[in-house]
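# Notes for the structure review
Here is what each chain is made of, one letter per residue.
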Amino acid sequence: MITFVLIPISDGSPKRAHFGELIDHRNSDGSVTRRVVMADGRSLPVLGFGTWQLGNDTTVKRALLHALDAGYRLIDTAHLYGNEAPIGEVLRQRMSTGRLSRADLFVTTKVWSNHHSKARVMKSIRDSLRKLQLDYLDLVLLHYPAGFRDGTDLFPIYRNGSIIPRTWQKDSYLEPWRAMEEAVRLGLVRSIGVSNFNRRQTRKLLSNAKVRPVLNQVESHPYLRQSKLRQYLHKRQVLMQAYAPLRRGDRSLLGDRTLGAIGRRHRKTAAQIALRWQIDRSVAVVVKSSNRARIRSNYNIFDFHLNQTEMRLVNGIRQKARLYGIPGLETHPDYPFNEE
Ligand SMILES: NC(=O)c1ccc[n+]([C@@H]2O[C@H](COP(=O)([O-])OP(=O)(O)OC[C@H]3O[C@@H](n4cnc5c(N)ncnc54)[C@H](OP(=O)(O)O)[C@@H]3O)[C@@H](O)[C@H]2O)c1
Ligand SMILES: *[C@@H]1O[C@H](CO)[C@@H](O)[C@H](O)[C@H]1NC(C)=O
Ligand SMILES: *[C@@H]1O[C@H](CO)[C@@H](O)[C@H](O)[C@H]1NC(C)=O
Ligand SMILES: *[C@@H]1O[C@H](CO)[C@@H](O)[C@H](O)[C@H]1NC(C)=O
């Protein structure tokens, strides 16, 4: 069980935390991590470190060490990213020297779409545990609602370039979800969630799940706010977690005039405003950088917040197209991006 040190907000007595509340978790080294409470009563660091495309094992390890030094305690990886082994090595090393405690760390991994049959979900989770050198995972996400043909091919395609689905039946993610629930019962996983699900798919899952998804990780940044999805998720106590919060380092976002103007008032960069804005609307975030200075500055957002006027300004920024998709997925029965 994770234990929380609740910092009393007003009356001096710690109270029971509820969904969406920000709490301060005191780490064993004395540092404090800002966490957000999930519907299952557990909490996760509200700002996490993303690890996709960090390069080879050496560059992955270097970036992760910088991130741990900067204070990140949530590590976001996936079977798809192919970096669980070097991440596991770093975590093992830090924990064996006593510099990092397992209870303070929050590791998320994801089950990719070529592992959607029940047996293969379990295999994927056990493989992740072995590579990460952990005996439990804090959070496992079903990476996409769309299941692909089972096999070693990560992106199986027909000759015309369309993705080969596992089945042509709609809403086939209910089957892998049963296996995710089983992994919780077996104690391999603490919490389970989803990624890239739209509202309809989330609703379908919620009405069929025995163990509810704690969060939905989706692309979101000031140019793709996902307001409808966020509102729906939070009403159902499913946390939204933003990926690509800087739109993958998009130059126009990093140079955005509105974000820049708000940043100047707080002595923060546009990137820091984009990250803090998510937290101030109760959205958790995973951000990536390979650069030590940027890793640190992205984490340096806990000494200020946006007021209502500033929130409204960001909420008025003109929206752009979604960045992330999978080529050839449009013909899949569980393609998620036809609707928000
Ligand atoms: N569930 C999913 O389907 C899914 C999909 C995509 C991503 N994700 C997760 O979300 C994480 C974050 O998303 P992402 O990596 O795509 O995009 P991101 O975090 O929005 O942006 C990362 C890019 O922005 C640059 N950058 C970072 N901080 C910066 C700063 N302060 N100023 C200027 N540039 C900066 C980085 O370059 P430098 O390295 O040079 O700093 C990197 O190229 C991923 O790593 C992954 O863990 C999940
Ligand atoms: C890893 O990538 C870095 C940066 O691209 C490069 O300098 C280094 O030689 C690579 N190391 C290995 C072992 O391939
Ligand atoms: C590609 O082929 C598959 C299988 O025949 C078909 O279902 C799919 O619709 C085709 N894709 C396109 C874009 O026509
Ligand atoms: C919000 O903050 C800005 C400066 O940071 C200030 O100009 C504005 O008056 C504040 N608005 C409210 C409603 O407090």
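Preceding this paragraph is the structure being described.
Parameters and conventions
- Residues numbered from 1 in each chain as written.
- Chains lettered and ligands numbered in written order.
- Predicted model: local features only at pLDDT ≥ 70, side-chain atom pairs only at ≥ 80, totals over all residues.
- Heavy atoms only, no water.
- Buried < 20%, exposed > 50% of the residue type's maximum accessible area, 1.4 Å probe, protein only.
- Helix = DSSP H or I, 4+ residues; strand = E, 2+ residues; numbered from the N terminus.
- Pairing = 2+ DSSP bridges.
- Right-handed = clockwise from strand over helix to strand, strands pointing away.
- Axes fitted to C-alpha atoms, helices over the stretch in contact; angles between N-to-C directions.
- Near = heavy atom within 4 Å.
- Polar contact = N/O pair within 3.5 Å; in protein donor to acceptor, adjacent residues only side chain to side chain.
- Areas by Shrake-Rupley, 256 points an atom, 1.4 Å probe, with all protein chains shown as cover.
- Nonpolar A, V, L, I, M, F, W, Y, C, P; charged D, E, K, R; others polar.
- Expected span 1.5 Å × (residues − 1).
- Contact = heavy atoms within 4.5 Å.
- Phe/Tyr/Trp six-rings, centres within 6.5 Å; stacked < 30°, edge-to-face > 60°.
- Lys NZ or Arg CZ within 6 Å of the ring centre and 35° of its normal.

Our focus in this paragraph is the pairing of strand β9 (residues 215-219). Counted residue by residue, β9 has five buried out of five residues, so it is predominantly covered. Looking at chain direction, strand β8 (residues 189-195) and β9 are connected through two bridges and run parallel. Each residue of the ladder has a partner; that of V194, found in β9, is N216. Each parallel crossover has a hand, and for β8 linked through helix α5 (residues 199-206) to β9 it is right-handed. As defined by bridge partners, β9 adjoins strand β10 (residues 239-243) across five bridges and the pair is classed as parallel. Residue pairing in the sheet places E219 in a bridge with Y243 of β10. Between the parallel elements β9 and β10, the chain passes through helix α6 (residues 227-235) in a crossover that is right-handed.

Time to look at the sheet that holds strand β1 (residues 22-26). A sheet is described by the order of its strands in space; here three strands give the open sequence β1-β2-β3, paired in antiparallel fashion. Looking at the sheet topology across the chains shown, the edges are occupied by β1 and β3 (43-45). For this sheet, the mean angle separating the axes of adjacent strands, direction not counted, is 45°. In the sheet, strand β2 (residues 32-37) pairs with β3 via three bridges, with the strands oriented antiparallel. Among the inter-strand pairings, R35 is bridged to a residue of β3, identified as P45.

Our next topic: the site of ligand 1. Lining the immediate environment of ligand 1, one finds 27 residues, of which D76, S289, S290, R294 and Y324 sit closest. Within the side chain of S289, an N or O atom sits 2.5 Å from an oxygen atom of ligand 1. Here ligand 1 loses 87% of its free accessible area of 900 Å² to cover by the protein chains. Listing elements by their share of the shell around ligand 1, those giving two or more residues are β11 (284-287) and α10 (292-299). A breakdown of the residues in the shell around ligand 1 according to their chemical character gives eleven nonpolar, ten polar and six charged.

Let us now look at the pairing of strand β6 (residues 106-111). Burial within β6 is extensive, with six of its six residues counted as buried. The side-chain alternation of β6 yields two buried faces, one formed by F106, T108 and K110 and the other by V107, T109 and V111. Judged from the three bridges that link them, strand β5 (residues 74-76) and β6 form a sheet pairing that is parallel. Counted as the bridge partner of L74 is F106 from β6. Remark: the β5/helix α2 (residues 84-96)/β6 crossover connection has right-handed handedness. As paired strands, β6 and strand β7 (residues 137-142) are joined by four bridges and run parallel to one another. Residue pairing across strands places T109 opposite V140, the latter belonging to β7. For the crossover from β6 across helix α3 (residues 118-132) to β7, the handedness is right-handed.

Let us look at helix α1 (residues 57-70). Helix length check: α1, at 14 residues, gives a terminal C-alpha distance of 20 Å against a target of 20 Å (1.5 Å per residue), a fit within 8%. Buried within α1 are the following residues: V60, A63, L64, H66, A67, L68 and A70. Structurally, α1 contributes buried residues whose contacts are with β4 (47-50), β5, α2 and α10. Trailing α1 by a residue or two, G71 shows a phi angle of about 120°, which is positive.

This part takes up the packing of aromatic side chains. Going through the model one piece at a time under the given rule, you end up with 13 aromatic pairs. With a centroid separation of 5.9 Å and an interplanar angle of 35°, the aromatic rings of W52 and Y81 are classed as tilted. Taken together, the positions of W52 in the loop between β4 and α1 and Y81 in the loop between β5 and α2 put the pair 29 residues apart, joining distant regions of the chain. Overall, the relative accessible area of 29% leaves W52 in the partly exposed class. Here Y243 and Y324 contribute two aromatic rings whose centre-to-centre distance is 5.4 Å and whose plane-to-plane angle is 80°, an arrangement assigned as edge-to-face. Of this pair, Y243 sits in strand β10 while Y324 sits in the segment after α11 (308-314), placing them 81 residues apart in sequence. Both residues of the pair, Y243 and Y324, count as buried. Each member of the aromatic cluster is reached from another via a ring pair, and the members are W112, Y144, F148, F155, Y335 and F337. Taking NZ or CZ as reference, R102 lies 3.9 Å from the ring centre of Y136, over its face.

Of note, R199 is situated in helix α5. The spatial distance from the C-alpha of R199 to the C-alpha of S297 is 33 Å, given a sequence separation of 98 residues. With residues near it in sequence (within four places) discarded, R199 still touches K228, L229, Y232 and E340.

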